[in-house]
Amino acid sequence: MDAFATPFVQGRLRGEFVSVTIQTECAHCSRPMEIEIDSDLNYHVGEEDCTPIIFNPDVNLLELEEDSIIDAF
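Residues numbered from 1 in each chain as written. Predicted model: local features only at pLDDT ≥ 70, side-chain atom pairs only at ≥ 80, totals over all residues. Heavy atoms only, no water.

**Details of the environment of Ser-19**
Line of reasoning, step 1. Examined against the element boundaries, Ser-19 turns out to sit in strand β1 (residues 19–25).
Line of reasoning, step 2. Of the residues examined, Ser-19 reaches a relative accessible area of 34% and is grouped as partly exposed.
Line of reasoning, step 3. With 11 residues separating them in the primary sequence, Ser-19 and Phe-8 have C-alpha atoms 8.3 Å apart.
Line of reasoning, step 4. Apart from residues no more than four positions distant in its own chain, Ser-19 is found in contact with Pro-7, Glu-36, Ile-37 and Asp-38. (Helix = DSSP H or I, 4+ residues; strand = E, 2+ residues; numbered from the N terminus. Buried < 20%, exposed > 50% of the residue type's maximum accessible area, 1.4 Å probe, protein only. Contact = heavy atoms within 4.5 Å.)

**Brief notes about the pattern of salt bridges**
Line of reasoning, step 1. Taken as a whole and judged by the stated rule, the model has 2 salt bridges.
Line of reasoning, step 2. Across the salt bridge formed by Asp-49 and Arg-31, the nearest N and O atoms sit 2.7 Å from each other. Here the residue Asp-49 occupies a position in the loop between β3 (43–45) and α2 (69–72), and Arg-31 occupies one in the loop between β1 and β2 (32–38), the gap between them amounting to 18 residues. (Salt bridge = Lys/Arg side-chain N within 4 Å of Asp/Glu carboxyl O.)

**Brief notes about unusual backbone geometry**
Line of reasoning, step 1. A positive phi is found at Ser-30, a non-glycine position, where the angle reads about 65°.
Line of reasoning, step 2. Among the structural elements, Ser-30 can be located in the loop between β1 and β2.

**What about the pairing of β2?**
Line of reasoning, step 1. Pairing analysis gives 7 bridges linking β1 to β2, with the strands arranged antiparallel. Residue pairing across strands places Ile-22 opposite Ile-35, the latter belonging to β2.
Line of reasoning, step 2. The antiparallel pairing of β1 with β2 creates a hairpin that spans 6 residues between the two strands, and Ser-30 there sits at a positive phi of about 65°.
Line of reasoning, step 3. As paired strands, β2 and β3 are joined by 3 bridges and run antiparallel to one another. (Pairing = 2+ DSSP bridges.)

Okay, here's the thing in structure tokens:
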């Protein structure tokens, strides 16, 4: 499941606070970074001087052609 959607979906299904930590790297400079995302879609970047572009794709549920919303992402 998509790392961004996981805490949101699981948090809503379970009715509890959930968070995930993503360890990745910058696509531009390959610098390691750590991003924490919670079930309220809040995020925190571990490195203070790191400002990644984080966005949630816009999915039109009424015109969804994929099998599930996860496939649409």
